[in-house]
Amino acid sequence: MGSSKVTVEVEGRKLALSNLGKVLYPETGTAKGEIIQYYTQVAPVLLPHLEDRPVTRKRWPNGVSEDSFFEKNAPRGTPPWVRTAELPSPGSTKDRDTVVYVMADDLPTLVWLANLAVLEIHVPQWTVDEDGRGTNPDRLVVDLDPGEPANIIQCCQVALLLGELFDDAGLPSYPKTSGSKGMQMYVPLDRGATDDEVSAYARGLAQRLERDHPKLVISRMERAARGGKVFIDWSQNNAAKTTVAPYSVRGRTEPTVSTPVTWDEVEQGARSTAKSRLPLRFDIEDVLARLDEDGDLLAPMLDQAHPLPS
């Protein structure tokens, strides 16, 4: 498609967009321009979930059939108007004491990232405060990761079990697909607990379900033991970990999206016997249609804050 560029103005910021016709998803023919358009359309619901959160990006410069890479530091050539935050880097593998993160909390930044072939946006469970420091987590997250031949159907079954435990504890929980194989569940918190305390609580729930449903659930990290079970990854609450953001596209063979779902949909998924097309699989067009119909299913979570049970 050459190196053609077009200059656009987004909320007063001038951006040079390049190679809009470059196909990033060969299987569906989805081009970079379509990904930029998707992120532009979804921005009103996505940005509140990114607000004040440092973003880790996963980029596919040559499309999903080629190599990708994770990026934490703001790249060379970052526009001066892009908000950044310099934060400690726990567990850095490159001997860096700090990382200068991008804070993707406005539309121009989101469009700029999409133009860099950022397909996936990952965020931690904490935010950056007014002094530029990380806070205690404002949400608990569990990642439901199926080990083959388990799939999204078993993830739905485990999500219902976890949802009951959260209900018993007086905690609202919100499910979403990962956009890949599994699911995640969110619980809004009041920042009164540390990441270690939240991780310990989530681990306790995972271990309880593993004891009660040993053929369905595993709470241990070792991959060799996960076959046919759903791993409840409680470690996503560690301050150094990130989870794919709601409404983020995924770098799969097709432009699937991490999509909030209703509990009714989870219940239907748990009863599914689909062999050809698994339930709860949504691409960029599906998500935009869902938003037109239902709005952001995670919006209520943004206004809630609950103490972690002792």
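Everything below is about the structure printed above this text.
Residues numbered from 1 in each chain as written. Predicted model: local features only at pLDDT ≥ 70, side-chain atom pairs only at ≥ 80, totals over all residues. Heavy atoms only, no water.

(A) Fine view of the sheet that holds strand β13 (residues 217-218). Read across the open sheet, the five strands follow the order β11-β12-β10-β14-β13; overall the sheet is mixed. Because the sheet does not close on itself, it has two edges, and the strands there are β11 (174-177) and β13. Note that strand β10 (residues 139-146) and strand β12 (residues 183-188) share six bridges and pair antiparallel. In the strand pairing of β12, Leu 140 is matched with Val 187. (Pairing = 2+ DSSP bridges. Helix = DSSP H or I, 4+ residues; strand = E, 2+ residues; numbered from the N terminus.)

(B) Structural view of the packing of helix α1 (residues 32-50) against helix α2 (residues 107-115). Look at α1 against α2: their axes get within 9 Å of each other, and the N-to-C directions meet at 140°. The angle between α1 and α2 falls in the class oblique. α1 and α2 meet at a crossing whose hand is right-handed. Across the interface between the two elements, Lys 32, Ile 36, Tyr 39, Thr 40, Ala 43, Leu 46, Leu 47 and Leu 50 from α1 touch Leu 107, Leu 110, Val 111, Ala 114 and Asn 115 from α2. Class assignment of the residues belonging to the contact of α1 with α2 gives a composition of ten nonpolar, two polar and one charged. (Axes fitted to C-alpha atoms, helices over the stretch in contact; angles between N-to-C directions. Parallel < 35°, antiparallel > 145°, perpendicular 65-115°, else oblique. Left-handed = near helix turned anticlockwise from the far one by under 90°. Contact = heavy atoms within 4.5 Å. Nonpolar A, V, L, I, M, F, W, Y, C, P; charged D, E, K, R; others polar.)

(C) Spatial organisation of helix α3 (residues 152-168). When the terminal C-alpha atoms of α3 are compared, their 24 Å separation across 17 residues agrees well with the 24 Å that a helix rising 1.5 Å per residue should span. Along α3, the residues classified as buried are Ile 152, Ile 153, Cys 155, Cys 156, Val 158, Ala 159, Leu 161, Leu 162, Gly 163, Leu 165 and Phe 166. Among the structural elements, β10, β12, α4 (195-212), β13, β14 (230-233) and α5 (263-270) are those in contact with the buried residues of α3. With a side-chain oxygen lying 2.8 Å from the backbone nitrogen of Ile 153, the N-terminal cap of α3 falls on Asn 151. (Expected span 1.5 Å × (residues − 1). Buried < 20%, exposed > 50% of the residue type's maximum accessible area, 1.4 Å probe, protein only. Polar contact = N/O pair within 3.5 Å; in protein donor to acceptor, adjacent residues only side chain to side chain.)

(D) Geometry of unusual backbone geometry. The step from Glu 148 to Pro 149 runs through a cis peptide bond, and the omega angle for that step is 5°. Positionally, Pro 149 belongs in the loop between β10 and α3. One non-glycine residue, Glu 11, lies in the positive phi region at around 50°. With respect to the helices and strands, the residue Glu 11 is situated in the loop between β1 (5-10) and β2 (13-18). A relative accessible area of 59% places Glu 11 in the exposed class.

(E) Spatial organisation of the packing of α3 against α4. α4 packs onto α3 with a crossing angle of 125° between their chain directions and a minimal axis gap of 11 Å. Taken together, α3 and α4 sit at an angle that is classed as oblique. In this structure, α3 crosses over α4, and the sense of that crossing is right-handed. Residues Leu 161, Leu 162, Leu 165 and Phe 166 of α3 form the contact with α4, whose own contacting residues are Tyr 201, Leu 205, Arg 208 and Leu 209. Broken down by class, the residue content of the contact of α3 with α4 amounts to seven nonpolar, no polar and one charged.

Shape descriptors only; they carry no functional weight alone.
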